[in-house]
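Structure assessment
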Amino acid sequence: MGPVPSIAIVGRPNVGKSRLFNRLAGHRISIVHDRPGVTRDVVTAESADGYMLMDTGGLGLRESMTPVEIQDAAETPVAFAMEAADLILFVCDGRDGLAPLDEMVADKLRRLGKKPLLIVNKIDFADQVGRADEFAKLGFEDFHRVSAEHGFGVDDLVEEIRKRLGPVENESPASEERPIRMAFVGRPNVGKSSLCNRLLDAERLIVSEIPGTTRETTTRELDYKSKDGQSWRFRLFDTAGLRRRKKIADSLEYFSSLRTEEAIKQTDVALLVLDAREGVTKQDKAMAGLIVDAGKAFVVVINKWDVAVDGFRRDPLSGYKDENHFRSEYEKAARKELFVLPRFPMLFVSAKTGLAIEEMLSAVRRVDKGLDRFLPTPDLNRTIINMMESRPPAARKGKRFKIFYAVQTNTRPFTIRLFCNRVDRLEDVYQRYLTNGLTTRFDLLGAPLRFTLTGKEVRYAKKN
């Protein structure tokens, strides 16, 4: 399912924007927020056709504004709603007639490169249609005469919106399951090849080779039969060079290896393999960062867990109550070191004994299944509002970073566009706070999250 098309309703105050908003939303209205706060300017609801409606409420636009003030309104939520929307409904008042502020708003829309639907509202009866003719001078291709209060002309407007935006995509029926692309990556000698061979040699696997994308990478189709009889399809990217790698003194040279980078690029889910006997090393952390920077999801695999447990059993003075306590403390320490993502599956496996191999593949399936989700725009904005109210950003020179509106723009990786006051005011610490909160709220398991920011450009005063 793709992102839901959005509609911004804009115009000067008191032209009937909110009434049109409610008319289009109908009984399925779902207002996210209209209280004072960091994004009090954006009221959203779902239209009867499933589009996302944004009512700007006229905030930032006043009758007394000069053309310069209209230009300065680029930092207001109205402007951000204009930029974010797939379609703009530019509402004017047919009862009052064309006003100078209408012409200013129209000029701003043209400068933004937008082609809005011009809506002349308050045409309450058929014999009042002629009132709208003077709005033709605004120069837009078409305009609709409506009465948001009584419903006159609204059906024709809805049909035009459908033509412009098309239907909202629904989840398509489940088709034949595609293979999940995965690759084992990590330092030399952590057991990547052993895990590959465990999968390839398993009796429940049907294996066929297909040509690799590079001389050193082969791709194998894996049809794994789970314990309950299901068929799980995977495409395993096996970097042959990682099996017989010469010793590399410089870890940076290792991580810049073309083979490893290409393997990561081609995967849906990367399995970061660690050696249970050694814990998390600097190279492991660097590899985790490499995976996240590539926009790929990952699962952490602690291999050779059978060896680690044997060592625990031989040491009665280890300080752990039992094996469960040992594992719990080990996982807590490992997650603390691997802080590049707030949430990811961690599996304790053994390539030698086959411990938790099916659980590892099940975790890969779970992570991959979540990568194509589109987060509901109202829930996304509500979550960000609550987070910013709970912990406001630090003020810089008396001003704070503000988010006016957020919308997901892509998947794999999850990409969120933030319409904000100034892109240079989002500090790394606060960005991590937002990332962690959204990842937890929407259970973005093992999936990186990226922000793209749209805000007012920084203007520097000229030096005398």
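Conventions we followed
- All residue numbers refer to positions counted from 1 along the written sequence of the respective chain.
- In view of the model being predicted, local features appear only for residues whose pLDDT reaches at least 70, and side-chain atom pairs are presented and counted only at 80 or more, with totals across whole chains, interfaces and linings using the full set of residues.
- Hydrogens and waters are ignored; side-chain quantities use all the structure's heavy atoms.
- Both cavities and pockets are sets of points on a 1 Å grid over the protein atoms alone; in a cavity a 1.4 Å probe fits but cannot get out, in a pocket the set is open with protein on both sides within 12 Å along at least five of seven lines, and lining residues sit with an atom within 4 Å of a point.
- Grid points are joined across faces, edges and corners, and a volume is the space filled by probe spheres set on the points.
- In this description a helix means any DSSP run of H or I spanning at least four residues, a strand means any run of E spanning at least two, and both kinds are numbered starting from the N terminus.
- The residue classification treats Ala, Val, Leu, Ile, Met, Phe, Trp, Tyr, Cys and Pro as nonpolar and Asp, Glu, Lys and Arg as charged. All others, Gly included, are polar.
- The buried label applies to any residue whose accessible area, calculated with a 1.4 Å probe on protein chains only, is under 20% of its type's maximum; exposed applies above 50%, and partly exposed to all values in between.
- Residue contacts are defined here by distance: any two heavy atoms, one from each residue, within 4.5 Å place the two residues in contact.
- Polar contacts here mean pairs of N or O atoms no more than 3.5 Å apart (in protein, one a potential hydrogen donor and the other a potential acceptor; neighbouring residues in sequence count only if both atoms are side-chain atoms).
- Whenever Lys or Arg places a side-chain nitrogen within 4 Å of a carboxyl oxygen from Asp or Glu, that contact is recorded as a salt bridge.

1. Quick look at the layout of surface pockets
Taken as a whole, the second largest pocket encloses approximately 470 Å³ of empty space. Around the second largest pocket sit 17 residues that line it, and Val340, Gln431, Arg432, Thr435 and Leu449 are the ones nearest its centre. Listing elements by their share of the lining of the second largest pocket, those giving two or more residues are helix 9 (282-293), helix 14 (428-441) and strand 16 (449-454). With six residues, the top contributor of residues to the lining of the second largest pocket is helix 14. The residue inventory of the lining of the second largest pocket, partitioned by class, reads nine nonpolar, four polar and four charged.

2. Quick word on the environment of Arg425
In this structure, Arg425 sits in the loop between strand 15 (414-420) and helix 14. According to the relative accessible area criterion, Arg425 is buried, its value standing at 12%. Residues Arg425 and Lys399, 26 residues apart in the sequence, show an inter-C-alpha distance of 8.8 Å. Those residues in contact with Arg425, other than ones at most four positions away along the chain, are Arg396, Lys399, Arg400 and Phe401.

3. Side note on the side chain of Asp268
In this fold, Asp268 is placed in the loop between helix 8 (258-265) and strand 11 (269-275). Overall, the relative accessible area of 6% leaves Asp268 in the buried class. In terms of polar contacts, Asp268 uses its side chain to reach the side chain of Arg178, at 3.3 Å. Side-chain polar atoms of Asp268 contact the side chain of Arg412, separated by 3.2 Å.

4. A few points about the pattern of salt bridges
Under the defined criterion, the tally for this structure stands at 28 salt bridges. One salt bridge in this structure joins Arg162 and Asp49, with 2.8 Å as the shortest N-O distance. Taken as a pair, Arg162 in helix 5 (residues 154-165) and Asp49 in the loop between strand 2 (43-46) and strand 3 (52-55) lie far apart in primary sequence, 113 residues in all. By relative accessible area, which is 28% here, Asp49 ends up partly exposed. Linking Arg187 and Asp284 is a salt bridge whose minimum nitrogen-to-oxygen distance equals 2.9 Å. Of the two residues, Arg187 sits in the loop between strand 7 (180-185) and helix 6 (192-201) while Asp284 sits in helix 9, which places them 97 residues apart along the sequence. Note on Arg187: relative accessible area 8%, which makes it buried. For Asp284, a relative accessible area of 1% puts it in the buried group.

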